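Working through the structure, step by step
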Amino acid sequence: MKITKICCIGAGYVGGPTMAIIAQKCPHIQVTVVDLNRERIAAWNDADTVNIPIYEPGLSAVVAEARGRNLFFSTDVAKAIDEAQMIFISVNTPTKTYGSGKGMAADLKYIELCARQIAAIAKDNKIVVEKSTLPVRTAEALKSILDETGNGVQFQILSNPEFLAEGTAVDDLLAPDRVLIGGDSSAAGEQAVQALVDIYANWVPLDRILRTNLWSSELSKLTANAFLAQRISSINALSELCEVTGAAINEVAKAIGMDSRIGPKFLNASVGFGGSCFQKDILNLVYIAKSYGLTAVADYWEQVIILNDHQKRRFSNTIVKTLYNTVSDKKIAFLGWAFKKDTNDTRESAAIYVADDLLNEQAQLAIFDPKVSRNKMLADLDYLATRSSKDNAKNATSFDEPYSACENAHAIAVLTEWEEFRAYDWQRIYDKMQKPAFVFDGRNLLDRAALEAIGFVYFAIGS
Ligand code: UDX
Ligand code: UDX
(Lines give C-alpha, C1' and ligand atoms only; values in the text may rest on other atoms or scores of the structure.)
(Ligands and ions follow the chains in the order given, each with its own letter.)
Protein backbone atom coordinates (compact mmCIF):
# COMPACT_ATOMS: atom_id res chain seq x y z
CA MET A 1 0.00 0.00 0.00
CA LYS A 2 1.43 3.37 -1.01
CA ILE A 3 0.80 5.92 1.71
CA THR A 4 0.09 9.48 0.60
CA LYS A 5 -1.93 10.78 3.54
CA ILE A 6 -1.19 10.37 7.22
CA CYS A 7 -3.11 11.62 10.20
CA CYS A 8 -1.90 11.77 13.78
CA ILE A 9 -4.32 12.14 16.69
CA GLY A 10 -2.62 14.05 19.52
CA ALA A 11 -0.41 17.12 18.96
CA GLY A 12 1.64 16.71 22.13
CA TYR A 13 5.32 16.18 22.92
CA VAL A 14 5.32 12.93 20.94
CA GLY A 15 2.84 13.54 18.10
CA GLY A 16 3.97 17.08 17.22
CA PRO A 17 7.74 16.53 16.78
CA THR A 18 7.38 13.04 15.25
CA MET A 19 4.98 14.21 12.56
CA ALA A 20 7.04 17.34 11.86
CA ILE A 21 10.06 15.15 11.04
CA ILE A 22 8.02 12.69 8.94
CA ALA A 23 6.66 15.68 6.98
CA GLN A 24 10.12 17.17 6.55
CA LYS A 25 11.62 13.90 5.33
CA CYS A 26 8.65 12.79 3.20
CA PRO A 27 7.49 15.81 1.18
CA HIS A 28 5.37 13.44 -0.95
CA ILE A 29 3.18 12.56 2.06
CA GLN A 30 0.51 14.88 3.45
CA VAL A 31 0.69 14.84 7.25
CA THR A 32 -2.18 16.23 9.32
CA VAL A 33 -1.87 16.45 13.10
CA VAL A 34 -5.18 16.80 14.92
CA ASP A 35 -5.99 17.49 18.54
CA LEU A 36 -9.12 18.24 20.56
CA ASN A 37 -7.30 21.08 22.29
CA ARG A 38 -8.05 24.21 20.20
CA GLU A 39 -5.48 26.39 21.94
CA ARG A 40 -2.74 23.86 21.31
CA ILE A 41 -3.59 23.63 17.59
CA ALA A 42 -3.75 27.42 17.35
CA ALA A 43 -0.27 27.60 18.87
CA TRP A 44 1.07 25.03 16.37
CA ASN A 45 -0.39 27.26 13.64
CA ASP A 46 1.03 30.50 15.05
CA ALA A 47 2.43 32.66 12.24
CA ASP A 48 5.75 32.80 14.09
CA THR A 49 6.96 29.20 14.58
CA VAL A 50 8.93 30.29 17.64
CA ASN A 51 5.55 30.23 19.42
CA ILE A 52 4.74 26.55 18.79
CA PRO A 53 3.54 24.98 22.05
CA ILE A 54 6.51 22.69 22.56
CA TYR A 55 10.03 23.91 23.02
CA GLU A 56 12.57 21.55 21.45
CA PRO A 57 15.91 22.67 20.03
CA GLY A 58 15.61 22.79 16.21
CA LEU A 59 11.88 22.03 16.07
CA SER A 60 10.55 25.44 15.10
CA ALA A 61 12.80 25.45 12.00
CA VAL A 62 11.48 22.04 10.94
CA VAL A 63 7.89 23.24 11.38
CA ALA A 64 8.67 26.45 9.48
CA GLU A 65 9.96 24.38 6.56
CA ALA A 66 7.12 21.86 6.30
CA ARG A 67 4.02 23.62 7.64
CA GLY A 68 1.60 24.62 4.91
CA ARG A 69 3.55 22.48 2.40
CA ASN A 70 2.69 18.98 3.58
CA LEU A 71 2.34 19.48 7.34
CA PHE A 72 -0.99 20.67 8.74
CA PHE A 73 -2.38 21.17 12.24
CA SER A 74 -6.15 21.03 12.68
CA THR A 75 -8.98 20.39 15.11
CA ASP A 76 -11.05 18.67 12.42
CA VAL A 77 -10.37 15.15 13.65
CA ALA A 78 -13.12 13.51 11.56
CA LYS A 79 -11.91 14.93 8.25
CA ALA A 80 -8.30 13.94 8.90
CA ILE A 81 -9.30 10.37 9.84
CA ASP A 82 -11.51 10.06 6.80
CA GLU A 83 -8.77 11.14 4.37
CA ALA A 84 -5.80 9.25 5.83
CA GLN A 85 -4.64 5.77 4.87
CA MET A 86 -2.51 5.58 8.00
CA ILE A 87 -3.55 6.94 11.42
CA PHE A 88 -1.11 7.39 14.28
CA ILE A 89 -2.53 7.50 17.81
CA SER A 90 -0.41 9.76 20.01
CA VAL A 91 -2.86 10.72 22.72
CA ASN A 92 -1.84 10.65 26.34
CA THR A 93 -2.12 7.55 28.50
CA PRO A 94 -1.86 8.90 32.05
CA THR A 95 -1.81 6.77 35.18
CA LYS A 96 -5.39 6.01 36.23
CA THR A 97 -6.67 8.32 38.97
CA TYR A 98 -9.81 6.30 39.75
CA GLY A 99 -11.25 2.82 40.07
CA SER A 100 -9.42 -0.46 39.63
CA GLY A 101 -5.68 0.01 39.06
CA LYS A 102 -5.87 3.56 40.45
CA GLY A 103 -2.39 5.08 40.75
CA MET A 104 -0.81 2.27 38.72
CA ALA A 105 -2.51 1.15 35.52
CA ALA A 106 -2.54 3.27 32.37
CA ASP A 107 -5.81 5.04 31.69
CA LEU A 108 -6.74 3.95 28.19
CA LYS A 109 -9.93 5.94 27.85
CA TYR A 110 -8.44 8.38 25.31
CA ILE A 111 -7.09 5.52 23.23
CA GLU A 112 -10.49 3.85 23.24
CA LEU A 113 -12.20 7.10 22.27
CA CYS A 114 -9.84 7.38 19.30
CA ALA A 115 -10.57 3.80 18.24
CA ARG A 116 -14.32 4.38 18.41
CA GLN A 117 -14.02 7.57 16.42
CA ILE A 118 -11.90 5.88 13.75
CA ALA A 119 -14.39 2.99 13.61
CA ALA A 120 -17.30 5.39 13.16
CA ILE A 121 -15.67 7.46 10.42
CA ALA A 122 -13.60 5.06 8.32
CA LYS A 123 -15.07 4.22 4.91
CA ASP A 124 -11.97 2.50 3.52
CA ASN A 125 -9.20 0.22 4.83
CA LYS A 126 -6.79 1.84 7.25
CA ILE A 127 -3.58 1.15 9.11
CA VAL A 128 -3.78 2.26 12.74
CA VAL A 129 -0.43 2.86 14.43
CA GLU A 130 -0.04 2.91 18.21
CA LYS A 131 2.50 5.65 18.96
CA SER A 132 1.43 6.15 22.56
CA THR A 133 3.11 3.93 25.13
CA LEU A 134 0.63 1.21 25.88
CA PRO A 135 0.39 -1.80 28.13
CA VAL A 136 0.98 -5.14 26.50
CA ARG A 137 -1.94 -6.40 24.48
CA THR A 138 -3.68 -3.06 23.99
CA ALA A 139 -3.60 -3.74 20.27
CA GLU A 140 -6.00 -6.61 20.86
CA ALA A 141 -8.53 -4.26 22.50
CA LEU A 142 -8.11 -1.72 19.71
CA LYS A 143 -8.68 -4.41 17.11
CA SER A 144 -11.83 -5.68 18.70
CA ILE A 145 -13.35 -2.19 18.79
CA LEU A 146 -12.32 -1.45 15.20
CA ASP A 147 -13.55 -4.80 13.89
CA GLU A 148 -17.02 -4.27 15.29
CA THR A 149 -17.95 -1.58 12.76
CA GLY A 150 -19.70 -4.06 10.51
CA ASN A 151 -19.12 -1.94 7.40
CA GLY A 152 -16.50 -4.25 5.91
CA VAL A 153 -13.57 -1.89 6.46
CA GLN A 154 -10.31 -3.74 7.23
CA PHE A 155 -7.98 -2.40 9.90
CA GLN A 156 -4.37 -3.34 10.49
CA ILE A 157 -2.90 -2.41 13.85
CA LEU A 158 0.79 -1.65 14.25
CA SER A 159 2.76 -0.83 17.36
CA ASN A 160 5.46 1.76 16.71
CA PRO A 161 6.57 3.11 20.09
CA GLU A 162 8.49 6.36 20.17
CA PHE A 163 11.87 6.41 21.95
CA LEU A 164 12.65 10.12 21.59
CA ALA A 165 13.74 11.94 24.72
CA GLU A 166 12.57 15.47 25.35
CA GLY A 167 15.13 18.19 24.81
CA THR A 168 16.78 16.10 22.06
CA ALA A 169 13.61 15.12 20.17
CA VAL A 170 14.71 16.44 16.77
CA ASP A 171 18.13 14.73 16.86
CA ASP A 172 16.60 11.52 18.22
CA LEU A 173 14.00 11.47 15.44
CA LEU A 174 16.54 12.27 12.72
CA ALA A 175 19.01 9.60 13.85
CA PRO A 176 17.17 7.04 15.98
CA ASP A 177 19.12 4.15 17.56
CA ARG A 178 16.30 2.00 16.21
CA VAL A 179 12.75 2.23 14.93
CA LEU A 180 10.57 -0.53 16.29
CA ILE A 181 7.54 -1.75 14.37
CA GLY A 182 5.33 -4.50 15.72
CA GLY A 183 2.66 -6.06 13.54
CA ASP A 184 0.59 -9.08 12.75
CA SER A 185 2.31 -11.99 10.99
CA SER A 186 -0.50 -12.42 8.40
CA ALA A 187 0.10 -11.29 4.81
CA ALA A 188 -2.02 -8.18 5.37
CA GLY A 189 -0.14 -7.49 8.61
CA GLU A 190 3.20 -7.76 6.85
CA GLN A 191 2.02 -5.39 4.12
CA ALA A 192 1.04 -2.85 6.76
CA VAL A 193 4.44 -3.17 8.47
CA GLN A 194 6.12 -2.68 5.09
CA ALA A 195 4.08 0.49 4.45
CA LEU A 196 5.41 1.99 7.68
CA VAL A 197 8.96 0.74 7.01
CA ASP A 198 8.79 2.54 3.64
CA ILE A 199 8.03 5.82 5.41
CA TYR A 200 10.95 5.59 7.85
CA ALA A 201 13.26 4.31 5.11
CA ASN A 202 13.18 7.83 3.66
CA TRP A 203 15.81 8.74 6.26
CA VAL A 204 16.50 5.81 8.62
CA PRO A 205 18.97 3.06 7.49
CA LEU A 206 17.10 -0.23 7.01
CA ASP A 207 19.28 -2.10 9.50
CA ARG A 208 17.95 0.17 12.24
CA ILE A 209 14.32 -0.66 11.51
CA LEU A 210 13.32 -3.59 13.64
CA ARG A 211 10.24 -5.75 13.03
CA THR A 212 8.67 -7.74 15.86
CA ASN A 213 5.30 -9.10 16.81
CA LEU A 214 2.83 -6.67 18.35
CA TRP A 215 3.25 -7.79 21.94
CA SER A 216 7.05 -7.67 21.86
CA SER A 217 6.93 -4.14 20.52
CA GLU A 218 4.52 -2.92 23.19
CA LEU A 219 6.49 -4.57 25.99
CA SER A 220 9.86 -3.35 24.65
CA LYS A 221 8.83 0.24 25.13
CA LEU A 222 7.89 -0.28 28.78
CA THR A 223 11.06 -2.29 29.32
CA ALA A 224 13.35 0.33 27.76
CA ASN A 225 11.97 3.02 30.04
CA ALA A 226 12.13 0.73 33.08
CA PHE A 227 15.80 -0.11 32.39
CA LEU A 228 16.75 3.55 31.94
CA ALA A 229 14.96 4.61 35.12
CA GLN A 230 16.48 1.67 37.01
CA ARG A 231 20.00 2.90 36.18
CA ILE A 232 19.15 6.29 37.70
CA SER A 233 17.66 4.76 40.84
CA SER A 234 20.71 2.47 41.14
CA ILE A 235 23.16 5.36 40.99
CA ASN A 236 20.95 7.47 43.26
CA ALA A 237 20.84 4.65 45.83
CA LEU A 238 24.62 4.64 45.86
CA SER A 239 24.74 8.45 46.11
CA GLU A 240 23.30 8.17 49.60
CA LEU A 241 25.94 5.62 50.53
CA CYS A 242 28.65 7.92 49.13
CA GLU A 243 27.40 10.81 51.25
CA VAL A 244 27.89 8.87 54.46
CA THR A 245 31.13 7.14 53.53
CA GLY A 246 33.15 9.84 51.79
CA ALA A 247 33.23 8.26 48.33
CA ALA A 248 32.21 10.59 45.47
CA ILE A 249 29.38 9.37 43.25
CA ASN A 250 30.77 11.11 40.14
CA GLU A 251 34.01 9.19 40.53
CA VAL A 252 32.18 5.93 41.09
CA ALA A 253 29.95 6.57 38.05
CA LYS A 254 32.96 7.28 35.87
CA ALA A 255 34.79 4.20 37.08
CA ILE A 256 31.89 1.82 36.48
CA GLY A 257 30.78 3.55 33.27
CA MET A 258 34.13 2.82 31.62
CA ASP A 259 33.27 -0.86 31.76
CA SER A 260 31.92 -1.30 28.24
CA ARG A 261 29.34 -3.75 29.56
CA ILE A 262 27.89 -1.03 31.78
CA GLY A 263 28.48 2.05 29.60
CA PRO A 264 28.66 5.71 30.65
CA LYS A 265 25.13 6.98 29.94
CA PHE A 266 22.31 7.49 32.44
CA LEU A 267 24.63 7.39 35.42
CA ASN A 268 24.23 10.99 36.60
CA ALA A 269 23.11 11.00 40.21
CA SER A 270 20.33 13.54 40.62
CA VAL A 271 17.53 14.81 42.81
CA GLY A 272 15.42 12.17 41.07
CA PHE A 273 14.10 11.45 37.61
CA GLY A 274 10.95 13.11 36.36
CA GLY A 275 9.07 13.32 33.06
CA SER A 276 5.83 11.89 31.82
CA CYS A 277 7.16 8.42 31.05
CA PHE A 278 9.44 6.73 33.56
CA GLN A 279 7.16 6.61 36.57
CA LYS A 280 4.01 5.97 34.54
CA ASP A 281 5.56 3.16 32.53
CA ILE A 282 7.10 1.41 35.53
CA LEU A 283 3.84 1.63 37.47
CA ASN A 284 2.20 0.14 34.46
CA LEU A 285 4.75 -2.68 34.31
CA VAL A 286 4.25 -3.33 38.02
CA TYR A 287 0.50 -3.42 37.52
CA ILE A 288 0.78 -5.87 34.63
CA ALA A 289 3.13 -8.14 36.63
CA LYS A 290 0.76 -8.06 39.61
CA SER A 291 -2.23 -8.81 37.46
CA TYR A 292 -0.48 -12.04 36.36
CA GLY A 293 0.32 -12.83 40.02
CA LEU A 294 4.06 -12.19 39.55
CA THR A 295 4.65 -10.54 42.92
CA ALA A 296 8.46 -10.80 42.96
CA VAL A 297 8.69 -9.22 39.50
CA ALA A 298 6.29 -6.43 40.50
CA ASP A 299 8.17 -5.72 43.75
CA TYR A 300 11.51 -5.62 41.95
CA TRP A 301 10.41 -2.87 39.55
CA GLU A 302 8.37 -0.96 42.11
CA GLN A 303 11.55 -0.43 44.10
CA VAL A 304 12.82 1.86 41.29
CA ILE A 305 9.95 4.24 42.04
CA ILE A 306 10.25 3.92 45.81
CA LEU A 307 13.93 4.85 45.64
CA ASN A 308 13.16 7.80 43.34
CA ASP A 309 10.58 9.18 45.78
CA HIS A 310 13.07 8.68 48.60
CA GLN A 311 15.72 10.64 46.68
CA LYS A 312 13.43 13.67 46.18
CA ARG A 313 12.42 13.68 49.86
CA ARG A 314 16.03 13.23 50.95
CA PHE A 315 17.00 16.35 48.99
CA SER A 316 14.40 18.56 50.66
CA ASN A 317 15.29 17.08 54.06
CA THR A 318 18.97 17.93 53.51
CA ILE A 319 18.02 21.54 52.78
CA VAL A 320 15.92 21.84 55.94
CA LYS A 321 18.48 20.06 58.13
CA THR A 322 21.38 22.14 56.84
CA LEU A 323 19.52 25.42 57.29
CA TYR A 324 19.55 24.80 61.05
CA ASN A 325 16.39 22.65 60.98
CA THR A 326 14.08 25.42 59.90
CA VAL A 327 13.28 27.09 56.59
CA SER A 328 10.22 28.89 57.91
CA ASP A 329 10.06 32.33 56.24
CA LYS A 330 13.46 31.78 54.66
CA LYS A 331 13.85 32.59 50.99
CA ILE A 332 15.01 29.65 48.92
CA ALA A 333 15.78 30.25 45.27
CA PHE A 334 15.07 27.45 42.78
CA LEU A 335 17.13 27.33 39.62
CA GLY A 336 15.11 25.18 37.26
CA TRP A 337 11.59 23.79 37.27
CA ALA A 338 11.48 21.67 34.06
CA PHE A 339 12.05 17.92 34.56
CA LYS A 340 15.27 18.14 32.52
CA LYS A 341 17.17 20.72 30.52
CA ASP A 342 16.15 21.99 27.06
CA THR A 343 12.43 21.43 27.52
CA ASN A 344 9.49 23.43 28.87
CA ASP A 345 7.87 20.20 30.08
CA THR A 346 7.39 19.94 33.85
CA ARG A 347 5.44 16.71 34.17
CA GLU A 348 6.54 14.81 37.30
CA SER A 349 9.50 17.16 37.68
CA ALA A 350 11.42 16.59 40.93
CA ALA A 351 11.25 20.37 41.47
CA ILE A 352 7.50 20.15 42.11
CA TYR A 353 7.90 17.65 44.95
CA VAL A 354 10.86 19.40 46.53
CA ALA A 355 8.91 22.68 46.39
CA ASP A 356 5.91 21.01 47.97
CA ASP A 357 8.02 19.73 50.89
CA LEU A 358 9.63 23.12 51.44
CA LEU A 359 6.30 24.95 51.27
CA ASN A 360 5.04 22.55 53.96
CA GLU A 361 7.98 23.83 56.03
CA GLN A 362 6.76 27.40 55.36
CA ALA A 363 9.66 28.41 53.11
CA GLN A 364 9.33 31.29 50.66
CA LEU A 365 10.26 30.05 47.19
CA ALA A 366 11.74 32.21 44.43
CA ILE A 367 11.76 30.22 41.21
CA PHE A 368 13.53 30.81 37.93
CA ASP A 369 13.41 28.53 34.88
CA PRO A 370 14.51 29.67 31.43
CA LYS A 371 11.48 28.10 29.70
CA VAL A 372 8.69 27.52 32.22
CA SER A 373 5.99 30.13 32.82
CA ARG A 374 4.72 31.21 36.24
CA ASN A 375 1.26 29.87 35.43
CA LYS A 376 2.68 26.44 34.74
CA MET A 377 4.63 26.39 38.02
CA LEU A 378 1.57 27.34 40.04
CA ALA A 379 -0.62 24.89 38.14
CA ASP A 380 1.88 22.11 39.01
CA LEU A 381 1.73 22.99 42.71
CA ASP A 382 -2.05 23.37 42.68
CA TYR A 383 -2.37 19.95 41.04
CA LEU A 384 -0.88 18.31 44.14
CA ALA A 385 -3.73 19.86 46.14
CA THR A 386 -1.57 20.07 49.27
CA ARG A 387 -2.67 23.66 49.99
CA SER A 388 -4.89 26.35 48.49
CA SER A 389 -3.99 28.07 45.18
CA LYS A 390 -3.94 31.31 47.12
CA ASP A 391 -1.26 29.99 49.48
CA ASN A 392 0.80 28.61 46.62
CA ALA A 393 0.67 31.94 44.79
CA LYS A 394 1.62 33.80 47.96
CA ASN A 395 4.60 31.64 48.90
CA ALA A 396 6.02 30.63 45.52
CA THR A 397 7.08 33.54 43.33
CA SER A 398 8.59 33.22 39.88
CA PHE A 399 11.22 35.47 38.33
CA ASP A 400 12.16 36.29 34.73
CA GLU A 401 15.88 36.22 35.45
CA PRO A 402 18.05 34.45 38.03
CA TYR A 403 19.74 37.34 39.83
CA SER A 404 16.62 38.80 41.43
CA ALA A 405 15.40 35.29 42.28
CA CYS A 406 18.60 34.74 44.28
CA GLU A 407 18.71 38.19 45.90
CA ASN A 408 18.48 37.93 49.70
CA ALA A 409 18.03 34.16 49.49
CA HIS A 410 19.32 31.93 52.28
CA ALA A 411 19.95 29.10 49.87
CA ILE A 412 19.84 28.16 46.20
CA ALA A 413 18.59 24.78 45.04
CA VAL A 414 19.51 23.60 41.52
CA LEU A 415 16.68 21.41 40.25
CA THR A 416 17.26 21.26 36.48
CA GLU A 417 20.56 20.79 34.64
CA TRP A 418 20.23 23.87 32.35
CA GLU A 419 23.75 24.59 30.97
CA GLU A 420 23.30 28.34 31.37
CA PHE A 421 23.38 28.02 35.18
CA ARG A 422 27.11 27.27 35.00
CA ALA A 423 27.82 30.54 33.24
CA TYR A 424 26.15 32.83 35.80
CA ASP A 425 28.13 35.48 37.65
CA TRP A 426 28.25 33.52 40.90
CA GLN A 427 30.21 36.22 42.71
CA ARG A 428 27.41 38.68 41.97
CA ILE A 429 24.84 36.16 43.24
CA TYR A 430 26.88 35.51 46.41
CA ASP A 431 27.26 39.20 47.20
CA LYS A 432 23.47 39.70 47.37
CA MET A 433 22.61 36.57 49.42
CA GLN A 434 22.13 36.01 53.15
CA LYS A 435 25.24 34.54 54.79
CA PRO A 436 26.24 31.79 55.11
CA ALA A 437 25.13 31.32 51.48
CA PHE A 438 24.22 27.73 50.63
CA VAL A 439 23.96 25.99 47.27
CA PHE A 440 22.19 22.60 47.09
CA ASP A 441 23.04 21.21 43.68
CA GLY A 442 20.47 18.56 42.80
CA ARG A 443 22.17 17.93 39.45
CA ASN A 444 25.87 17.97 40.28
CA LEU A 445 26.07 20.70 37.67
CA LEU A 446 28.17 23.47 39.19
CA ASP A 447 31.89 23.75 39.88
CA ARG A 448 32.42 22.96 43.56
CA ALA A 449 35.93 24.46 43.78
CA ALA A 450 34.86 27.74 42.15
CA LEU A 451 31.80 28.14 44.38
CA GLU A 452 33.69 27.28 47.55
CA ALA A 453 36.42 29.79 46.60
CA ILE A 454 33.74 32.51 46.46
CA GLY A 455 32.49 31.52 49.90
CA PHE A 456 29.43 29.37 49.21
CA VAL A 457 28.67 26.33 51.31
CA TYR A 458 28.13 23.78 48.54
CA PHE A 459 26.22 20.47 48.69
CA ALA A 460 26.09 18.09 45.75
CA ILE A 461 24.27 14.79 45.43
CA GLY A 462 26.47 11.89 46.45
CA SER A 463 29.54 13.58 47.84
C1 UDX B 1 1.69 10.98 25.35
C2 UDX B 1 1.96 9.96 26.45
O3 UDX B 1 2.38 10.67 27.60
C4 UDX B 1 3.00 8.96 26.07
O5 UDX B 1 2.99 7.89 26.95
C6 UDX B 1 2.74 8.41 24.75
O7 UDX B 1 3.84 7.62 24.37
C8 UDX B 1 2.42 9.46 23.73
O9 UDX B 1 1.42 10.34 24.18
P10 UDX B 1 2.76 13.30 24.94
O11 UDX B 1 2.74 13.56 23.49
O12 UDX B 1 3.92 13.81 25.73
O13 UDX B 1 2.83 11.77 25.23
O14 UDX B 1 1.35 13.73 25.60
P15 UDX B 1 0.63 15.12 25.54
O16 UDX B 1 1.64 16.21 25.33
O17 UDX B 1 -0.31 15.16 26.69
O18 UDX B 1 -0.21 15.05 24.17
C19 UDX B 1 -1.36 14.31 23.95
C20 UDX B 1 -2.33 15.17 23.14
O21 UDX B 1 -3.45 14.37 22.77
C22 UDX B 1 -2.89 16.37 23.89
O23 UDX B 1 -2.59 17.55 23.18
C24 UDX B 1 -4.41 16.10 23.95
O25 UDX B 1 -5.17 17.27 23.83
C26 UDX B 1 -4.61 15.18 22.77
N27 UDX B 1 -5.80 14.34 22.87
C28 UDX B 1 -6.03 13.57 23.96
C29 UDX B 1 -6.71 14.31 21.81
O30 UDX B 1 -6.53 15.02 20.81
N31 UDX B 1 -7.80 13.48 21.88
C32 UDX B 1 -8.05 12.71 22.97
O33 UDX B 1 -9.05 11.97 23.01
C34 UDX B 1 -7.13 12.77 24.05
C1 UDX C 1 12.55 9.03 28.38
C2 UDX C 1 13.35 8.05 27.54
O3 UDX C 1 14.74 8.41 27.58
C4 UDX C 1 12.85 8.04 26.11
O5 UDX C 1 13.54 7.06 25.34
C6 UDX C 1 11.35 7.73 26.11
O7 UDX C 1 10.84 7.79 24.80
C8 UDX C 1 10.60 8.70 27.01
O9 UDX C 1 11.16 8.70 28.33
P10 UDX C 1 12.53 11.67 28.69
O11 UDX C 1 11.68 11.40 29.88
O12 UDX C 1 12.09 12.69 27.70
O13 UDX C 1 12.78 10.34 27.86
O14 UDX C 1 13.98 12.15 29.21
P15 UDX C 1 15.27 11.40 29.79
O16 UDX C 1 16.44 12.01 29.16
O17 UDX C 1 15.16 9.93 29.71
O18 UDX C 1 15.28 11.84 31.32
C19 UDX C 1 14.29 11.41 32.25
C20 UDX C 1 14.62 11.92 33.62
O21 UDX C 1 15.78 11.28 34.15
C22 UDX C 1 14.92 13.42 33.70
O23 UDX C 1 14.33 13.98 34.84
C24 UDX C 1 16.42 13.45 33.78
O25 UDX C 1 16.89 14.63 34.36
C26 UDX C 1 16.70 12.25 34.63
N27 UDX C 1 18.07 11.70 34.49
C28 UDX C 1 18.51 11.26 33.29
C29 UDX C 1 18.90 11.58 35.62
O30 UDX C 1 18.51 11.97 36.72
N31 UDX C 1 20.15 11.04 35.47
C32 UDX C 1 20.62 10.59 34.27
O33 UDX C 1 21.77 10.11 34.21
C34 UDX C 1 19.77 10.70 33.14
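The sections below set out a description of the structure shown in this document. If you're wondering where the values come from, they're calculated on a predicted model, not measured in any experiment. (Residues numbered from 1 in each chain as written. Chains lettered and ligands numbered in written order. Predicted model: local features only at pLDDT ≥ 70, side-chain atom pairs only at ≥ 80, totals over all residues. Heavy atoms only, no water.)

1. Quick word on the side chain of Lys131
Stated formally: Per the convention used, a helix needs a DSSP run of H or I reaching at least four residues, while a strand needs a run of E reaching at least two, with both numbered from the N terminus. Polar contact is defined as a pair of N or O atoms within 3.5 Å, subject to the rule that within protein one atom must be able to donate a hydrogen and the other to accept it, and that residues adjacent in sequence are counted only when both atoms are side-chain atoms. Should any heavy atoms of two residues lie within 4.5 Å, those residues are counted as being in contact.
Tracing the backbone shows Lys131 in the loop between strand E5 (126–130) and helix H6 (138–147). Polar side-chain contacts of Lys131 include one of 3.0 Å to the side chain of Asn160. Among the polar contacts listed, one links the side chain of Lys131 to the side chain of Tyr200, at a separation of 3.1 Å. With near-sequence residues (within four places) excluded, Lys131 lies in contact with Val14, Thr18, Phe88, Ile89, Ser90, Asn160, Pro161, Glu162 and Tyr200.

2. A look at the nonpolar core
Note the cut-off: Buried residues of nine kinds, namely Ala, Val, Leu, Ile, Met, Phe, Trp, Tyr and Cys, make up a nonpolar core once their side-chain atoms join them within 4.5 Å. A 1.4 Å probe rolled over the protein chains alone gives each residue an accessible area, and that area as a share of the maximum for its type sets the label: buried under 20%, exposed over 50%, partly exposed in between.
Residues Phe334, Trp337, Leu358, Leu365 and Trp426 are the most contacted members of the largest nonpolar core, which totals 62 residues. No other element matches helix H13 (residues 350–360), which puts 7 residues into this core. In this structure Trp426 touches Leu335, Ile412, Phe421, Val439, Leu446, Leu451, Ile454 and Phe456, once residues within four positions along its chain are discounted. Grouped together as the second largest cluster of nonpolar side chains are 45 residues, Ile41, Phe73, Met86 and Trp203 included.

3. Considerations on helix H5 (residues 109–121)
Rules: Expected span of a helix, by definition, is 1.5 Å for each gap between consecutive residues, and there is one gap fewer than residues.
With 13 residues, H5 extends 18 Å from end C-alpha to end C-alpha; this agrees with the ideal 18 Å at 1.5 Å per step. The complete set of buried residues in H5 reads Ile111, Cys114, Ala115, Ile118, Ala119 and Ile121. In this structure, the buried residues of H5 make contact with strand E1 (5–9), helix H4 (77–83), strand E4 (86–89), E5, H6 and strand E6 (155–159).

4. Considering unusual backbone geometry
Here the bond from Lys435 into Pro436 is cis, since omega is -5°, no more than 30 degrees from zero. Structurally, the position occupied by Pro436 is in the loop between helix H17 (426–431) and strand E13 (438–441). Phi at Asn325 takes a positive value of approximately 65°, unusual for a residue other than glycine. Within the element layout of this structure, Asn325 appears in the loop between helix H12 (295–322) and strand E9 (331–335). Relative accessible area serves as the criterion here: at 56%, Asn325 is assigned to the exposed category. Positive phi values are uncommon outside glycine, yet Asn408 reaches one of about 65°.

5. Section: the packing of H12 against H13
Here is the rule: To obtain each axis, a line is fitted to C-alpha atoms, and for helices this fit is confined to the stretch in contact; angles are then taken between N-to-C directions over 0 to 180 degrees. Roughly parallel means an angle under 35 degrees; roughly antiparallel, over 145; roughly perpendicular, 65 to 115; everything else is oblique. For any pair of crossing helices, the crossing counts as left-handed if the nearer helix is rotated counterclockwise from the farther one by less than a right angle, and right-handed if it is rotated clockwise. As a working rule, the residues Ala, Val, Leu, Ile, Met, Phe, Trp, Tyr, Cys and Pro are called nonpolar, Asp, Glu, Lys and Arg charged, and the rest polar, with Gly in that last group.
The geometry of H12 relative to H13 is characterised by a closest axis approach of 9 Å and an angle of 40° between their N-to-C directions. Put simply, H12 runs oblique to H13. Of the two possible hands of crossing, H12 and H13 adopt the one that is right-handed. Taking contact as the criterion, the partners of Lys312, Arg313, Phe315, Ser316, Ile319 and Val320 in H12 are, on H13, Ala350, Tyr353, Val354, Asp357 and Leu358. Among the residues forming the contact of H12 with H13, the class breakdown is 7 nonpolar, 1 polar and 3 charged.

6. Focus on the sheet that holds strand E11 (residues 396–398)
By way of backbone hydrogen bonds, the strands of a sheet pair with one another, either parallel or antiparallel. Here is the rule: Should DSSP find at least two bridges between two strands, the strands are regarded as paired.
Reading across the sheet, the 6 strands line up as E11-E10-E9-E12-E13-E14 and stay open at both edges, with parallel pairing between neighbours. Edge positions in the open sheet fall to E11 and strand E14 (457–460), since each of these has one partner strand only. Ignoring strand direction, the axes of neighbouring strands in this sheet form an average angle of 20°. Sheet analysis places strand E12 (residues 411–414) next to E13, joined by 4 bridges and oriented parallel. Each bridged residue has a counterpart across the sheet, and for Val414 the counterpart in E13 is Asp441. H13 rests against E9 and strand E10 (364–368) of the sheet, and its axis sits at about 175° to E9. Where helix H14 (residues 374–384) meets the sheet, its contacts fall on E10 and E11, and the angle it forms with E11 comes to roughly 160°.

7. What to know about the pairing of E6
Every regular strand shows the same layout, with side chains that alternate between the two sheet faces. Burial runs high along E6: 5 of the 5 residues are buried. Burial along E6 is two-sided: Phe155, Ile157 and Ser159 facing one way and Gln156 and Leu158 facing the other are all buried. In the sheet, E5 pairs with E6 via 5 bridges, with the strands oriented parallel. In the strand pairing of E6, Val129 is matched with Leu158.

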